[in-house]
Structure formats: C-alpha cells, structure tokens
Amino acid sequence: MNGAMEKRRKVLIPTLDLAQPVPPGPDVYTNDFLSLTNDPDLRQIYLDKLAKSPRVFGVAGSRLLGGNSSDHVNFENRMAQFFDSPAALLFTSGYDANVAFWHSVPQAGDVIILDELVHASSRDGMAISRAHKSLYLFSHNSPTSFEEMVHLALKEHPTIAQGKNTLFVAVEATYSMDGDFAPLPDIVRVVEKYVPKQSAHIMVDEAHSTGVFGPQGRGIVHMLGLQDRVHTVLHTFGKGRALTGAVILTAPIIRQYIINYGRPFIYTTALPISLVCGLNASFDYLEGPIGDQRRAQLRNLCEYFRGALEEAFKHIPPNLLSLQERSLPRGYPADVISPIIPILTGYPRQLADFLNSYGYAVQGIPYPVVPKGHERVRISVHALNTEEEFDTLISRLKQWATMMQTMGSQVQSGRIQSRL
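All values reported here derive from a predicted model rather than from experimental measurement. (Residues numbered from 1 in each chain as written. Predicted model: local features only at pLDDT ≥ 70, side-chain atom pairs only at ≥ 80, totals over all residues. Heavy atoms only, no water.)

Take the layout of surface pockets next. By volume, the largest pocket is sized at about 1,100 Å³. If you go around the largest pocket, you meet 28 residues; those closest to its centre are Pro 14, Leu 16, Ala 361, Val 362 and Gln 363. The leading source of residues in the lining of the largest pocket is helix H14 (residues 348–356), at 4 residues. Of the residues in the lining of the largest pocket, the class split is 16 nonpolar, 6 polar and 6 charged. Taken as a whole, the second largest pocket holds about 460 Å³ of empty space. (1 Å grid on protein atoms, 1.4 Å probe; cavity = no way out; pocket = protein on both sides within 12 Å on 5 of 7 lines; lining within 4 Å. Points joined across faces, edges and corners; volume = space filled by probe spheres on them. Helix = DSSP H or I, 4+ residues; strand = E, 2+ residues; numbered from the N terminus. Nonpolar A, V, L, I, M, F, W, Y, C, P; charged D, E, K, R; others polar.)

Per-residue pLDDT for the protein averages 94, and the proportion of residues at 70 or more is 97%. When the criterion is pLDDT under 50, residues 416–420 qualifies, and its contacts beyond four places in sequence or with other chains add up to 0 contacts. (pLDDT = per-residue confidence, 0-100. Contact = heavy atoms within 4.5 Å.)

Tallied over the entire structure, the rule returns 15 salt bridges. Residue Glu 310 pairs with Arg 306 through a salt bridge whose shortest N-O separation is 3.1 Å. With Glu 310 and Arg 306 both in helix H13 (residues 289–312), this residue pair falls 4 residues apart, about one helical turn. With a relative accessible area of 39%, Glu 310 lands in the partly exposed category. The structure contains a network of salt bridges with shared partners spanning Lys 49, Arg 78, Asp 284 and Glu 287. (Salt bridge = Lys/Arg side-chain N within 4 Å of Asp/Glu carboxyl O. Buried < 20%, exposed > 50% of the residue type's maximum accessible area, 1.4 Å probe, protein only.)

Looking now at the nonpolar core. Leu 167 and Leu 184 are the most contacted members of the largest nonpolar core, which has 116 residues in total. Top contributing element to this core by residue count: H13, with 8 residues. With residues up to four places along the chain from it excluded, the contact list for Leu 184 reads Val 171, Val 204, Ile 220, Val 221, Leu 224, Leu 226 and Tyr 332. In this structure, Leu 50, Val 59, Ala 270 and Cys 277 belong to the second largest nonpolar core, which totals 5 residues. (Core = buried A, V, L, I, M, F, W, Y, C linked by side-chain atoms within 4.5 Å.)

What follows deals with the environment of Glu 116. Mapped onto the elements, Glu 116 comes out in the loop between strand S2 (111–115) and helix H5 (120–127). Judged by its relative accessible area of 37%, Glu 116 is partly exposed. Considering only alpha carbons, one finds Glu 116 and Pro 339, 223 residues apart in sequence, at a separation of 22 Å. Excluding residues within four positions of it along the chain, Glu 116 makes contact with Arg 123, Leu 137, Phe 138, Ser 139 and His 140.

What follows covers the sheet that holds S2. Ordered in space as S1-S7-S6-S5-S4-S2-S3, the 7 strands form an open sheet in which the pairing is mixed. In this open sheet, the two edge strands, each paired with only one partner strand, are strand S1 (87–91) and strand S3 (135–138). If you compare each strand with its neighbour and ignore which way they point, the axes differ by 20° on average. Inspection of the sheet shows strand S6 (residues 232–236) paired to strand S7 (residues 246–250) by 4 bridges, in the antiparallel sense. Bridging from a neighbouring strand, His 235 pairs with Val 247 of S7. Here helix H3 (residues 70–82) sits on the sheet in contact with S1 and S7, set at roughly 130° to S1. Against the sheet, helix H6 (residues 143–156) engages S2, S3 and strand S4 (167–172), with an angle of about 160° to S3. (Pairing = 2+ DSSP bridges. Axes fitted to C-alpha atoms, helices over the stretch in contact; angles between N-to-C directions.)

This next bit is on unusual backbone geometry. Cis geometry is adopted by the peptide bond preceding Pro 368, which originates at Tyr 367 and carries an omega value of 15°. Along the chain, the position of Pro 368 falls in the loop between strand S10 (364–365) and strand S11 (376–380). The backbone phi angle of Asp 84 is positive, close to 55°, even though this residue is not glycine. Within the secondary structure layout, Asp 84 lies in the loop between H3 and S1. With a phi close to 60°, Asn 141 is a non-glycine residue in the positive phi region.

Running from N to C, helix H12 (residues 273–287) and H13 cross one another at 75°; their axes reach a closest spacing of 4 Å. In terms of axis orientation, H12 runs roughly perpendicular to H13. Two secondary-structure elements touch here, H12 through Tyr 285, Leu 286 and Glu 287 and H13 through Pro 289, Ile 290, Gly 291, Arg 294 and Arg 295. (Parallel < 35°, antiparallel > 145°, perpendicular 65-115°, else oblique.)

Here is the structure:
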C-alpha cells in the first residue's frame, strides 16, 4: 500500500487524507448545480415534511428484509410517473445502481458497447457481469466509432440479429470531466437501424444532467424527446437534487430482475425515511417555479463565465490556460450549455495549489487521470454564484498565468546568462 501511494505522489496524482474540512470560499467545485444545498426555503419544506412524518429514522434492513416501507414504494411510484417510465427502483447511491444494473442484467451471450469514458461504477458492474468478455469500447462521443462497434459486435455475435441475445449500450448524458454531451440522437438512430428491436437495450446515466436539463429537470433524454426510445435511465440525487440516492427507470421485468439478482440492491440497507422525505421535498421545490428560475439563472451564468474566460485567455499561452472547443452533438438545442467547465493547463497541480491558497477548493487533474495535453482544473457553475465571483476567479487565473510567465522568463534569462 505504501508503494502504491508513493507511486501516486510521483506522478502528481492528488493523494488525499480528508483530515481537514473544505476551506471557506466561493463554491465553484461541487456538483450543487442548482444551489440547493444551503437553500433556506428548501430546508423549511424538508423540515415541515419531517415534522409530519410518523417515522424519520432508518428501517433497519434491506428492502428485501423488512425494509420495504410505504415511503419507498410511494416515492418509486412518484418517480415512475414524473419521468413517464413504466417502473422505477430506488437505490442508496448512483454507484450501487450502476453496479447492480450492469452486473446482473446482461446475460451470457450478450454484448455491451460503451463509451470509453463511462463512469467507473458502470465499468465495475460490467467487470463482474456475465457479459464481461464481450465489451466493445467506442471513441468518446464519436457516432462513427459507435456505429463501427455496433457492426463489429453484430458480426462477432450473430445471435443478436437472431433475437437470442441483447446488445446493450452504455453512455452518460453529460460527462463529469469534460462537461460534454453524448450524441444520443445518433446513438438511438444507429441502434434502431441495425439492431432488432427485441435485441437492443440503451442505458443512459443522467447523473450530471438530472435537475439541470429538460422539462422540470427531467434530464437530457426528455429534453431530446427520446424517453420512449431509450430503455433504461439512471438519475442520481447527489448533485442537482442536493441529497443522495438514485433511481433506475426501466421496464417492470428489469426492475424485478434487479430486485432479485442485483447484489448492491439486495444487500444494502434501504434509505432512511428522513432521506426519502428530503427527496420528496427536493422534487416538490424544483417542480415549482423556482426550478425553472434556477435553470435559467444557471444557463445565463454559464454563458457569462464561458464568454469571460474566452476573452481573458486570448493573450495567455494555451499551455498555461485554455478551454476546450465548445460544441454540441447533432439534434441538441443551440442554447444548451454545460455547467462543468474544465480549464486546461499544463500545470494542474500548481494552478490548483494557487487557487487553494485563495479559498477555492479545486483539485488539479493531471495525466494519467486524463490524457496528456488534457490536464485541467475543473470548475462547476452554480445557479446562485454571481458574476462578481467569477470575475474575481478570472482575475486570480490571470494573476497565476502572469506569475508563471514571469518565472519562465527568469529561468530562461538565467540559462542565457550561464551560457555567457
């Protein structure tokens, strides 16, 4: 273990011990996209629900072992109705939900086509699934690469075309590291064109898009009108919903199968009633006018921050500070913008340390966590951040870039002097 930790330090991967709380300062790093975690009105709605609930603590068992309360069942029914899904299954976390689905649902002879950047929780589930030897990775967000993998999978597994096995697809609606979007319309089109209907199963992880996009925050699948063409959708509650837990929206037979075969579901204590109360409060709050207001505020602030960064970085060397090119997949509305904005830099550790000294609890993300040339510090925009907060952050970024350029000039001057 010591050797593994030392190896991380040598390649400059952050080595954390969580001995200190997050320092005070503007929150531009958590996933609290709609600024709900400290919202006093939501807090009051939650406390009112708790006061009226006859039970508030845990149920002291898994759902299969005496913990299946009416609160859990009613919330699942609410989720199925809200998301217009045939069935819903509640989980304690998005990680558990992904592992439970991917380890149990794909059967022997099935294949899984996955984006190369899908979440570790999906990969962990796939690694112990019956289809673990039939994984096909396509280049990130590339419709062309996806189509090639579909053709390859169908060629190598003829039982799919015969309707005897299933071709699963695993993508995320919004990716956490780049803040970019899956080409869902193209993925659905390719699957419907080449894979028999009874042999296709598309699973979309909406962890970073739920609450933020779509009508009343239903996510990108709903925003694009694909809810009747995508088979399973995962929504998590630890980001745009300010709590924890997750729900899988799927067909009744898939729900029943996971209940009986999905080990993370079977062997995990059910969510406490207090958290179910909190989830109901969060959905109540965002289904009201505040939800649309926050989403509009978030979108406007993302546009402001992105534009200000582009202007500020015009005269800064790209190896110090730069942005990824902004683009949207085909079929997306033109006004969609991600609240996740990676700031690329060849010096992620140095930039993070500098920002940490001013109270920004960001982390540098170096190679090999991301490919060479894509090292970054990740910024998350929140609905109740202010333009002034981002103006100050940009000033700090420019200050750091100037400092780095000055240090570089001094080093270069010293080398010239030594040669003379």
